Amino acid sequence: MADSGTMTPHSEIITPDDSKAADVEMNPIPDIKAVEERDFRHRQEFQGWKLAWLTYQSLGVIYGDIGTSPLYVYSSTFTSEPSHDDVLGAVSLVIWALTIMVTVKYVFIVLRADDEGEGGTFALYSLLSRYAKLVQYDPRHSELVRMERYNTNDLQKPNLMTRSIMERSTVIKWLLKVVGAFGVALILADGVLTPAQSILGAIQGVTVVNPSVSISATIGISCAILVLVFAIQPFGTSKIASTFAPIVIIWMLFNLTFGIYNLVMFDASVFKAFSPYFAGAYLVRNKHDGWLSLGGILLAFTGVETLFADLGAFTRRSIQISWLCFVYPCLLFSYIGQGAHLMVHPSAYTNPFYLTVPPGMIWPSLIIAILACIVASQATITGAYQLLSQIMKLSYFPQIKVYHTSSTFHGQVYIPIANWLMMIGTIVVTAVYNNTTRLGEAYGACVILVSFLTTCMVAVVALIVWRLPIWVVIPVFIIFALWDGMFLSAALSKVPHGAWFTLMLAVILTCIFILWRYGKEQQWEAEESDKVPLWQTLTLHDKQLQLRSDPEGPIKRTRGLGIFFDKSGSAVNTPTVFLHFLQKFSAMPEVTVFLHLRPLSVPTVAPGERYTVTRCFTKSNDSTNQPIPNCYRLIVRHGYTDEIITPDLGVLVLDLVRTFLKYSDVTNVTETDALSCASNSQVIYIVGKEQLKIEAERNYFRRMILYIFLLIRDSSRTKVQSLNVEMERLIEVGFVKKM
C-alpha cells in the first residue's frame, strides 16, 4: 500500500522468455519489498556423503597447524633435561590444554557462535551487531543485513541491561569495534608466522639424520617450499584440501602409532598425567620457571583459532566430527608417547618427535612431516581469506578482488593480493628468525590473545544472542578467562624476545581497518544529501515531467535507451548518478532504466529468479501517484559465477523491459512505441564518478586520517575500464562530495 510519504512501484518478476508472466501479481501499485528472503546469506548445512566429503576436506586444511605441534612443543617447553615429575607435569598440561581449550571451548562452544555459518572474532562482532544496535551499516547494503534484535520482553533483566549498556555507550561500541578488528589482525599476523614455524620445524628434522646441514641451507629450502605453498593457492580450497587430506591422515596415523610404540617400549606410567594434579604440582614446584614454560605448552594448541576462522569454508559438524573422531585421539597418543620416551631418555627433549620415532622410520617420518608442515601453512592462509572477506562486508577494508573457488561450498574463497603479500611476509620472517625456537618466542602471543578475546565476545553472545541466564554465563566465563589468562601472561613475557613483532604487525593492521571504517562513515555522511525520494526529484505537471528544483520547463528527452548504474538498489530513492545527470543537463534518455546489481552468496541464480522489473513513480501536481513515463527499475540478482556485465547488456535490458510491458495491464501504446524507437536508436551506459574532498575546517588530525583514507580509496577503487561494455557507449557523470 502506498502512503502519502513513500512511493511504491509496480512489481513483476520476469525473464526475457517468460511464458508465465500472466501469473504474476498485477495490482496497479502493489507494495514491493526491495529485499526478499532469498537475498540474505543463509548458513549451509550438509548431510550424508557431502558432509563426509567436507569432513575429509577439513583434514586437509584446518589441522595442519595444530597437528604438527608435536614437532616442537616439548623442545619449546624445557630448557634442560626434565625430571621424571616435570615430564608428567608437562604431559598433563598438554592433555588438559587440548581438552579444555580445543575440545570443550572451541569445538563444543565457540563453533556455535557463528554468523550465518561464518566464524572468527569479526563474525562474533557481526553477530552481536545483528542482535544489538552497535554499528552503522553501509546505506547501500543495510537492507541486506538480517537484523534479529529481540524484543525487550524476550530478554531477562540482566541480559537486557547488558544490551542496553552496550547500545548506549559510545566507548563500549568503539571497544567492540576495535576488539573485532584486532582479532582479525592477530590471526593475519599469525598467518605470517605459521608457515615459517611449521616448515622450518620440518626441515630442521634433516639435521637429525645429517647434522652437517647448515642453517643457510635450511632457510633456503624452507623459503622455496613457502613459495610453492602460496603459488598453489589459486587452485582453490576444495582442490587443495582434497589433495592435502591424505597427507594429514597419514601424518596423524604416524603420530598415533609412534605414540603407542613409545608407550609399549618405554614408560606407560605416563598415563597418570591424565590427573590434573600433576599439572598443578608442576606449576607449584617450578614456580616462575614453570609459569614461563607455559609459553611452550600453548604451542600444543596453536592453530585452534583457525578451527573457528575457517568455519565459513567448512561447517560446524564437519569440524566437530574430524576433531573428535580422529585428530584429537591421535594427538593425545602422540604427546603421551613422547612423554613416555622422555621419562626414560630425557635428553630427547631437544627434538621430541624425530628422536622418539621407531627404528627405521626416521626417513618416512621426515618426508611425511615436511609434507604435513606444508599443509600446516594452509590453515592460516585459508583463514586469512575468510576473515578478509568478512571485514570487507562491514566496510573495514577496501573492496579487493575475491574469487569463490567452489560452486558447492559457498564460503571457500581466494584473495590474490592477500596471498602474495603473506608470501613476502612469511619469507622475510623465515630469513630473519631462522629457527623454530626463536619463532616460538614470537608465535604464541597472537594465538592466546585471540583466544582470550574470543572468550570475552562469546560471553556477550551468550547473553544477548543465546539468552542464557547470567548465573550460567558468568561462572563459565571466569573459568575460561582464567585458563586463557594463565597462558596469556606467560606468552606476554615473550614480547621483548620476539612477540613484539607480531603484536606490532597486528596493531598496524588494526589501525588500517579502523581508519578505513572511519573514512567510510564520513563518506556515508557526506553522501546523505543524495538520498532523495524520486517523487522529490521529479514531478508531473500537466502530463509533463519536470524537476522540482527547476519547474520553469519540462525535462528534455534524448534519443535511445539510458542505463543508469544504481548502487543503492532502493525501491524509492533517486539513483545518485541520475540525480546529478538531471541537475547538469535537465534531460533524460527517451527510455530510462535504473540498473542495480545485487550479488548473492550463491554460485548462480536461476533465470526465473534473477530479474525484477518495476515501474518508477512520482507525484503529479494534485499529489496523486503517477508512473514516470518510460522509466523503470531493474534489479539483477546474481551469484558469484554469473556474468552479468557483458557487451550484450543493452539487448538484455531491452528484452526484459519489452517482456514486462507485454504482460503489464497498465501499459499504453506510447511506452511500447518509445521502447521500439530506443531499440532502433542507441544504448548508453551512465555511471557515477564521485570525488571526495576534505572540508577546510576540520582539524589537522582528522584531515590527515581522511587524506590517508582517500589515498587508499583512489588506489583501490574499481575503474570504469573494468566494465565489460562498449567503451564508446559509456558516460561518466562526475560529482564532488565534501567530508
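Residues numbered from 1 in each chain as written. Predicted model: local features only at pLDDT ≥ 70, side-chain atom pairs only at ≥ 80, totals over all residues. Heavy atoms only, no water.

**A closer look at the overall build of the protein**
Then comes step 1: From N to C terminus, the protein includes 24 helices and eleven strands.
Then comes step 2: Counting contacts in the protein only where the partners sit at least 6 residues apart, residues at least 24 apart contribute 82% of the total.
Then comes step 3: Of the roughly 30,200 Å² of accessible surface on the protein, a fraction of 62% belongs to carbon and sulfur atoms. (Helix = DSSP H or I, 4+ residues; strand = E, 2+ residues; numbered from the N terminus. Contact = heavy atoms within 4.5 Å. Areas by Shrake-Rupley, 256 points an atom, 1.4 Å probe, with all protein chains shown as cover.)

**Topic: the nonpolar core**
Then comes step 1: Counting residues in hydrophobic clusters, the biggest one holds 158 residues, and the most contacted among them are Leu 98, Val 102, Phe 301 and Trp 323.
Then comes step 2: Of all the elements, helix α14 (residues 362–393) adds the most residues to this core, at 16 residues.
Then comes step 3: Excluding residues that lie within four positions of it along the chain, Val 102 makes contacts with Ile 66, Ala 97, Val 107, Phe 301, Val 304, Leu 307 and Trp 323.
Then comes step 4: If you look at the next biggest cluster of nonpolar residues, it comprises 28 residues, including Leu 561, Leu 634, Leu 654 and Val 725. (Core = buried A, V, L, I, M, F, W, Y, C linked by side-chain atoms within 4.5 Å. Buried < 20%, exposed > 50% of the residue type's maximum accessible area, 1.4 Å probe, protein only.)

**A few points about the pattern of salt bridges**
Then comes step 1: If you walk through the whole model with that rule in mind, you get 14 salt bridges.
Then comes step 2: For Asp 115, the salt bridge is made with Arg 130, and the minimal N-O distance between the two is 2.8 Å. With Asp 115 in the loop between α4 (84–109) and α5 (121–131) and Arg 130 in helix α5, the pair connects residues that are 15 residues apart, well separated along the chain. Summarising the burial analysis for this pair, Asp 115 and Arg 130 share the class buried. (Salt bridge = Lys/Arg side-chain N within 4 Å of Asp/Glu carboxyl O.)

**Quick look at the packing of aromatic side chains**
Then comes step 1: Counted by the stated rule, this structure contains 29 aromatic pairs.
Then comes step 2: With a centroid separation of 5.0 Å and 75° between ring planes, the pair formed by Phe 122 and Tyr 396 is classed as edge-to-face. Separated by 274 residues along the polypeptide, Phe 122 in helix α5 and Tyr 396 in the loop between α14 and β2 (403–404) bring together distant segments of the chain.
Then comes step 3: For Tyr 396, a relative accessible area of 0% translates into the label buried.
Then comes step 4: Every member of this aromatic cluster is reached through a ring pair, and the members are Trp 251, Phe 254, Phe 258, Phe 353 and Tyr 354.
Then comes step 5: Lying over the aromatic face of Trp 174, Lys 177 brings its terminal NZ or CZ to 4.1 Å of the ring centre.
Then comes step 6: When the ring centre of Tyr 150 is taken as reference, the NZ or CZ atom of Arg 467 above it lies at 3.8 Å. (Phe/Tyr/Trp six-rings, centres within 6.5 Å; stacked < 30°, edge-to-face > 60°. Lys NZ or Arg CZ within 6 Å of the ring centre and 35° of its normal.)

**Thoughts on unusual backbone geometry**
Negative phi characterises most residues that are not glycine, and trans characterises most peptide bonds.
Then comes step 1: The backbone phi angle of Ser 395 is positive, close to 60°, even though this residue is not glycine.
Then comes step 2: Position of Ser 395 among the secondary structure elements: in the loop between α14 and β2.

**Some details on the confidence of the model for the protein**
Then comes step 1: A residue-level look at the protein finds 89% of positions with pLDDT of 70 or above and a mean pLDDT of 82.
Then comes step 2: At the low end of the mean pLDDT range in the protein sits strand β1 (residues 11–13), at 35; at the high end sits α4, at 94. (pLDDT = per-residue confidence, 0-100.)

**As for α14**
Then comes step 1: The end-to-end C-alpha distance of α14 is 48 Å, a good match for the 46 Å that 32 residues give at a rise of 1.5 Å each.
Then comes step 2: The buried count for α14 comes to 27 of 32 residues, which makes it a mostly enclosed element.
Then comes step 3: Positive backbone phi, approximately 60°, marks Ser 395, located one or two places after α14. (Expected span 1.5 Å × (residues − 1).)

**Things to note about helix α13 (residues 316–344)**
Then comes step 1: Helix length check: α13 (29 residues) gives 41 Å between terminal C-alpha atoms against 42 Å at 1.5 Å per residue, within 8%.
Then comes step 2: If you look at α13, its biggest bend is around 45°, right at Trp 323. (Bend = angle between axes of the 7 residues up to and from the residue.)

**Some remarks on a nonpolar patch on the surface**
Then comes step 1: Residues Tyr 700, Phe 701, Met 704, Tyr 707, Ile 708 and Leu 711 make up a contiguous nonpolar surface patch of about 680 Å² in total accessible area.
Then comes step 2: Judged by relative accessible area, Ile 708 falls into the partly exposed class, the value being 34%. (Patch = residues over 30% accessible without salt bridge, like charges linked within 9 Å, V, L, I, M, F, W, Y side chains within 5 Å.)

**Looking at the packing of α4 against helix α11 (residues 276–297)**
When two helices pack together, their arrangement is captured by the angle between the axes and the distance separating the axes.
Then comes step 1: Two numbers describe how α4 lies on α11: the axes approach to 8 Å, and their chain directions differ by 80°. Taken together, the axes of α4 and α11 lie roughly perpendicular to each other. The residues of α11 that touch α4, namely those facing Asp 85, Asp 86, Leu 88, Gly 89, Ala 90, Ser 92, Leu 93, Val 94 and Trp 96, are Pro 276, Phe 278, Ala 279, Tyr 282, Leu 283, Arg 285, Asn 286, Leu 294 and Ile 297.
Then comes step 2: Along the lines of polarity and charge, the residues of the contact of α4 with α11 split into twelve nonpolar, three polar and three charged. (Axes fitted to C-alpha atoms, helices over the stretch in contact; angles between N-to-C directions. Parallel < 35°, antiparallel > 145°, perpendicular 65-115°, else oblique. Nonpolar A, V, L, I, M, F, W, Y, C, P; charged D, E, K, R; others polar.)

**Section: the pairing of strand β10 (residues 683–693)**
Then comes step 1: With four bridges connecting them, strand β6 (residues 556–565) and β10 associate as parallel partners. Bridging from a neighbouring strand, Phe 564 pairs with Ile 686 of β10.
Then comes step 2: Judged from the nine bridges that link them, β10 and strand β11 (residues 730–738) form a sheet pairing that is parallel. When the bridges of β11 are listed, Lys 689 appears paired with Gly 734. (Pairing = 2+ DSSP bridges.)

**Here's the deal with the environment of Ala 587**
Then comes step 1: On the secondary structure map, Ala 587 appears in strand β7 (residues 587–599).
Then comes step 2: As for Ala 587 and Lys 556, which are separated by 31 residues in sequence, their C-alpha atoms are 4.4 Å apart.
Then comes step 3: When near neighbours in sequence (up to four residues on either side) are disregarded, Ala 587 contacts Ile 555, Lys 556, Thr 558, Phe 581 and Leu 582.

**Some remarks on the environment of Asp 138**
Then comes step 1: The residue Asp 138 is located in the loop between α5 and α6 (157–168) in this model.
Then comes step 2: When the C-alpha atoms of Asp 138 and Ser 568 are compared, they prove to be 9.6 Å apart, with 430 residues separating the residues in sequence.

**What about the side chain of Thr 99?**
Then comes step 1: Along the chain, Thr 99 turns up in helix α4.
Then comes step 2: Judged by relative accessible area, which is 16%, Thr 99 ranks as buried.
Then comes step 3: Residues within four places of Thr 99 in sequence aside, it is in contact with Val 104 and Tyr 328.

**Digging into the side chain of Gln 412**
Then comes step 1: Note that Gln 412 resides in the loop between β2 and β3 (413–414).
Then comes step 2: Under the relative-accessibility criterion, Gln 412 is labelled buried at 0%.
Then comes step 3: Looking at Gln 412, its side chain comes within polar contact range of the side chain of Gln 57, at 3.4 Å.
Then comes step 4: From its side chain, Gln 412 meets the backbone oxygen of Ala 313 in a polar contact 3.1 Å long.
Then comes step 5: When residues no more than four places from it in sequence are discounted, the contact partners of Gln 412 are Leu 54, Gln 57, Thr 237, Ser 238, Gly 312, Ala 313, Phe 314, Gln 386, Tyr 403, His 404, Thr 405 and Ser 406. (Polar contact = N/O pair within 3.5 Å; in protein donor to acceptor, adjacent residues only side chain to side chain.)

**Topic: the packing of α4 against helix α17 (residues 470–492)**
Then comes step 1: At a minimum axis distance of 12 Å, the contact between α4 and α17 shows a crossing angle of 130°. Between α4 and α17, the angle falls in the class oblique. At the point where α4 passes α17, the crossing takes the left-handed sense. Residues Trp 96, Ala 97, Ile 100, Met 101, Val 104, Lys 105 and Ile 109 of α4 pack against Phe 480, Trp 483, Asp 484 and Phe 487 of α17. (Left-handed = near helix turned anticlockwise from the far one by under 90°.)

**Thoughts on the environment of Ile 367**
Then comes step 1: By secondary structure assignment, the location of Ile 367 is in helix α14.
Then comes step 2: Expressed as a C-alpha distance, the spacing of Ile 367 and Ile 203, which sit 164 residues apart in the sequence, is 9.4 Å.

**A short note on the pairing of β7**
Then comes step 1: Of all 13 residues that make up β7, ten are buried, and the element is covered over most of its length.
Then comes step 2: Taking the sense of rotation as the criterion, the β-α-β connection linking β6, helix α20 (residues 576–585) and β7 turns out right-handed.
Then comes step 3: Relative to strand β9 (residues 625–638), β7 is paired through eight bridges, and the arrangement is parallel. Within β9, the residue paired with Phe 594 across the bridge is Arg 633. (Right-handed = clockwise from strand over helix to strand, strands pointing away.)

**Section: the state of the cysteines**
Then comes step 1: Tallied over the full model, the rule gives zero disulfides.
Then comes step 2: Looking at the unpaired Cys 631, the closest cysteine sulfur is the one in Cys 616, lying at 3.7 Å. (Disulfide = S-S within 2.5 Å.)

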